[in-house]
Amino acid sequence: MRKIIFKSLVQAPLTEKPPAADAAALAELAQRLDQAARQRLGRSLSIRQVDAGSCNGCELEIHALNNAFYDLERFGLRFVASPRHADVLLVTGPVTANMREALERTYRATPGPKWVVAVGDCAFDGGVFAGSYACVGGVSAVVPVDLHIRGCPPSPTALLGGLLALLEHSAE
Ligand code: SF4
């Protein structure tokens, strides 16, 4: 035991250092997103996340938007608990047969104007789960999709960029 403690004191950690974060670029992106939401909706954007059957890798990146570094709420963007309060449905995963009805009901419960954003390669076409007996397919196989954000999983910055493109494009 003493040997292990001594080794851990002298040895450098095996994990890699995180990449340098560009806080200024991130803040600019989130501010543009909030401005676009206020122009389009007259208020900030409310997001409801729906896990339609993902491996939870995409959720980890989405959750990161709320951590101390990204802290999305400081720009007025927020995740809501009910689709009735949402402008955007952020849907992850291939849609599993068991989640199909829940996704359809969530879509119907969301008031217009509403947007559906399919997050991750699985949400695009089933990804690594395509062809499984338990999956219906990508999100667009069940509800209309306004934007796909590809990646396995997409980074928080890619998520913000995607939401910004959605609002700027829909305002045209
Ligand atoms: S896209 Fe990748 S991270 Fe996201 S649910 Fe599919 S396998 Fe998991």
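Quick note: structure is the one above.
In short, a report on the structure. One numbering rule holds for all chains: residues counted from 1, following each sequence as written. Selection of residues for local features in this predicted model requires a pLDDT of at least 70, selection of side-chain atom pairs for listing and counting requires 80 or more, and totals for whole chains, interfaces and linings are taken over all residues. As a convention, hydrogens and water are excluded, and side-chain values are obtained from all of the structure's heavy atoms.

### Examining the site of the ligand
Then, in step 1: Any residue with a non-hydrogen atom lying within 4 Å of a molecule or strand is treated as near it. For the ligand, the full set of nearby residues is Ser54, Cys55, Gly57, Cys58, Gly120, Asp121, Cys122, Gly151, Cys152 and Pro153.
Then, in step 2: Put simply, the parts of the chain that give the shell around the ligand at least two residues each are α3 (57-64) and α5 (121-125).
Then, in step 3: Grouping the constituent residues of the shell around the ligand by class yields five nonpolar, four polar and one charged. The numbering of helices and of strands both runs from the N terminus, where a helix is a DSSP run of H or I of at least 4 residues and a strand a run of E of at least 2. As a working rule, the residues Ala, Val, Leu, Ile, Met, Phe, Trp, Tyr, Cys and Pro are called nonpolar, Asp, Glu, Lys and Arg charged, and the rest polar, with Gly in that last group.

### Details of the packing of aromatic side chains
Then, in step 1: By convention, a stacked pair of Phe, Tyr or Trp rings (six-membered ring in the case of Trp) has centres within 6.5 Å and planes under 30 degrees apart, an edge-to-face pair has planes over 60 apart, and any other such pair is tilted. Inspection of the entire model under this criterion finds one aromatic pair.
Then, in step 2: The criterion is that NZ of a Lys, or CZ of an Arg, lies within 6 Å of the ring centre and within 35 degrees of the ring normal, and then a charge sits over that ring. In this structure, lysine 114 packs its charged tip against the face of tyrosine 107, placed 3.9 Å from the ring centre.

### Here's the deal with a nonpolar patch on the surface
Then, in step 1: A surface patch of nonpolar side chains, amounting to about 730 Å² of accessible area, comprises Met1, Ile4, Ile5, Phe6, Leu9 and Val10.
Then, in step 2: Topologically, methionine 1 is positioned in the segment before α1 (2-10). Residues with no salt bridge and a relative accessible area higher than 30% make up the patches, which join like charges within 9 Å and nonpolar side chains (Val, Leu, Ile, Met, Phe, Trp, Tyr) within 5 Å. Note on areas: these come from Shrake-Rupley sampling with a 1.4 Å probe, and a residue is covered only by the protein chains present in the view. In what follows, salt bridge is the name for a side-chain nitrogen of Lys or Arg lying within 4 Å of a carboxyl oxygen of Asp or Glu.

### Observations regarding the pattern of salt bridges
Then, in step 1: A complete count under the given rule lists five salt bridges for this structure.
Then, in step 2: Between arginine 105 and glutamate 101 there is a salt bridge; the shortest N-O distance is 3.4 Å. Highlighted residues: arginine 105 and glutamate 101, both in helix α4 (residues 100-109), separated by four residues, approximately one helical turn.
Then, in step 3: When accessible area is computed with a 1.4 Å probe and restricted to protein chains, residues below 20% of their type maximum are described as buried, those above 50% as exposed, and intermediate ones as partly exposed. For glutamate 101, a relative accessible area of 48% puts it in the partly exposed group.

### Comments concerning the sheet that holds strand β3 (residues 88-92)
Then, in step 1: Being paired, for any two strands, means DSSP has found at least two bridges between them. If you trace the five strands from one edge of the open sheet to the other, you get β2-β1-β3-β5-β7, paired in parallel fashion. Single-partner strands in this sheet number two, and they are β2 (78-79) and β7 (147-149).
Then, in step 2: Contacts: residue pairs with any heavy atoms within 4.5 Å of one another. Orientation is described by lines fitted to C-alpha atoms, with helices fitted over the stretch in contact, and by angles between N-to-C directions that extend from 0 to 180 degrees. Across the sheet, α3 lies against β1 (46-51), β2, β3 and β5 (115-119), angled at about 140° from β3, the strand it touches most.

### Some words on the pairing of β5
Then, in step 1: Among the five residues in β5, five count as buried, and that is most of the element.
Then, in step 2: Because side chains alternate across β5, one face comprises the buried residues Trp115, Val117 and Val119, and the other comprises Val116 and Ala118, equally buried.
Then, in step 3: Where β3 lies against β5, five bridges are found, and the strand directions are parallel. By the bridge assignment, threonine 92 is partnered in β5 with valine 119.
Then, in step 4: Examined bridge by bridge, β5 and β7 share three bridges and lie parallel to one another. Within β7, the residue paired with valine 117 across the bridge is leucine 147.

Read these as geometric descriptors, not functional statements.
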